[in-house]
Amino acid sequence: MAAQQQVSLKKQQELQAQYTTYKNNLQQIAQKIGDIEQETEEHKVVLESLAQAPPDRKCFRMVNGVLVERTVKDVIPALQTNSEGLKKVLEELLKQYKTKQEEMDKWKKKNNVQVVQQ
């Protein structure tokens, strides 16, 4: 009887650890999504501002931690490329989040896990 309780307790601890791992993974992906969304919004604001500036106006851009002087016409294409890349990364992260969420739901159903507190 005592051995059966220990096995049950061990199984419960394993399930708790797996659940915690799933939740942490989802939380990390959600954090990355938030960061990318914020960066995408910043790119959008800067592009809107630069669209109104004359093309030969000088502006400054941070490249690998170094502030470099460029003209608006040189910076806009680079910002657009970065913005498009961020959107693609965001799409991939959203897919990854959805997949992990579905994986967690299947795992919960398979192991008959019911969350008491979320």
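Residues numbered from 1 in each chain as written. Predicted model: local features only at pLDDT ≥ 70, side-chain atom pairs only at ≥ 80, totals over all residues. Heavy atoms only, no water.

Engineer: Could you give an account of the overall build of the protein, naming the residues involved and the relevant values?
Structural biologist: Each helix and strand counted, the protein has 2 helices and 2 strands in total. From first element to last, N terminus to C terminus, the protein shows the α and β order α-β-β-α. For the protein, whose C-alpha radius of gyration is 24 Å, the value lies well above the compact-globule estimate of 13 Å for 118 residues. With respect to the principal axes defined by its C-alpha atoms, the protein has extents near 80 × 25 × 20 Å. (Helix = DSSP H or I, 4+ residues; strand = E, 2+ residues; numbered from the N terminus. Rg over C-alpha atoms; globule rule 2.2 N^0.38 Å.)

Engineer: Before we move on, can you summarise the environment of Lys44 with the specific residues and values?
Structural biologist: Assignment of secondary structure puts Lys44 in helix 1 (residues 2–51). Judged by its relative accessible area of 45%, Lys44 falls in the partly exposed class. Each C-alpha atom, one on Lys44 and one on Lys32, is 18 Å from the other, the two residues being 12 residues apart in sequence. (Buried < 20%, exposed > 50% of the residue type's maximum accessible area, 1.4 Å probe, protein only.)

Engineer: Before we move on, can you summarise the UniProt feature "coiled-coil region" (unreviewed entry) in the protein with the specific residues and values?
Structural biologist: The sites that carry the UniProt feature "coiled-coil region" (unreviewed entry) are, in the present numbering, residues 12–39 and 83–110. Annotation note: span residues 12–39, helix share 100%, strand share 0%, distance between end C-alpha atoms 41 Å. The span residues 83–110 is 100% helix and 0% strand, and its two end C-alpha atoms sit 40 Å from each other. (UniProt positions renumbered as here; feature names shortened; annotations may be inferred.)

Engineer: Any details on the pairing of strand 1 (residues 58–63)? Residues and values, ideally.
Structural biologist: In this sheet, strand 2 (residues 66–71) lies alongside strand 1 in antiparallel orientation, the contact comprising 6 bridges. Across the sheet, residue Lys58 finds its bridge partner in strand 2, namely Thr71. Connecting strand 1 to the antiparallel partner strand 2 that follows it, the hairpin turn spans 2 residues, and Asn64 within it adopts a positive phi of roughly 50 degrees. (Pairing = 2+ DSSP bridges.)

Engineer: Tell me about the pattern of salt bridges, and please be specific about residues and values.
Structural biologist: Opposite charge on two side chains lets them pair, provided their charged atoms get close. Applying the stated criterion across every chain, the model contains 1 salt bridge. The residue Lys95 makes a salt bridge to Glu92 at a minimum N-O spacing of 3.8 Å. One end of the pair, Lys95, and the other, Glu92, are both in helix 2 (residues 72–110), 3 residues apart, so they sit about a helical turn from each other. Looking at Glu92, the relative accessible area reads 49%, which means it is partly exposed. (Salt bridge = Lys/Arg side-chain N within 4 Å of Asp/Glu carboxyl O.)

Engineer: Which residues make up a nonpolar patch on the surface, and what values do they have?
Structural biologist: Where nonpolar side chains cluster on the molecular surface, the patch consists of Phe60, Met62 and Leu67 and spans about 350 Å² of accessible area. One can find Met62 in strand 1. Its relative accessible area of 55% is what places Met62 among the exposed residues. (Patch = residues over 30% accessible without salt bridge, like charges linked within 9 Å, V, L, I, M, F, W, Y side chains within 5 Å. Areas by Shrake-Rupley, 256 points an atom, 1.4 Å probe, with all protein chains shown as cover.)

Engineer: Could you give an account of the packing of aromatic side chains, with specific residues and numbers?
Structural biologist: Any aromatic ring pair is given by two values, namely how distant the centres are and how the planes are angled relative to each other. In this structure the tally under the stated criterion is 1 aromatic pair. With a centroid separation of 5.3 Å and 50 degrees between ring planes, the pair formed by Tyr22 and Trp107 is classed as tilted. Of this pair, Tyr22 sits in helix 1 while Trp107 sits in helix 2, and the two are 85 residues apart along the sequence. Under the relative-accessibility criterion, Trp107 is labelled buried at 9%. (Phe/Tyr/Trp six-rings, centres within 6.5 Å; stacked < 30°, edge-to-face > 60°.)

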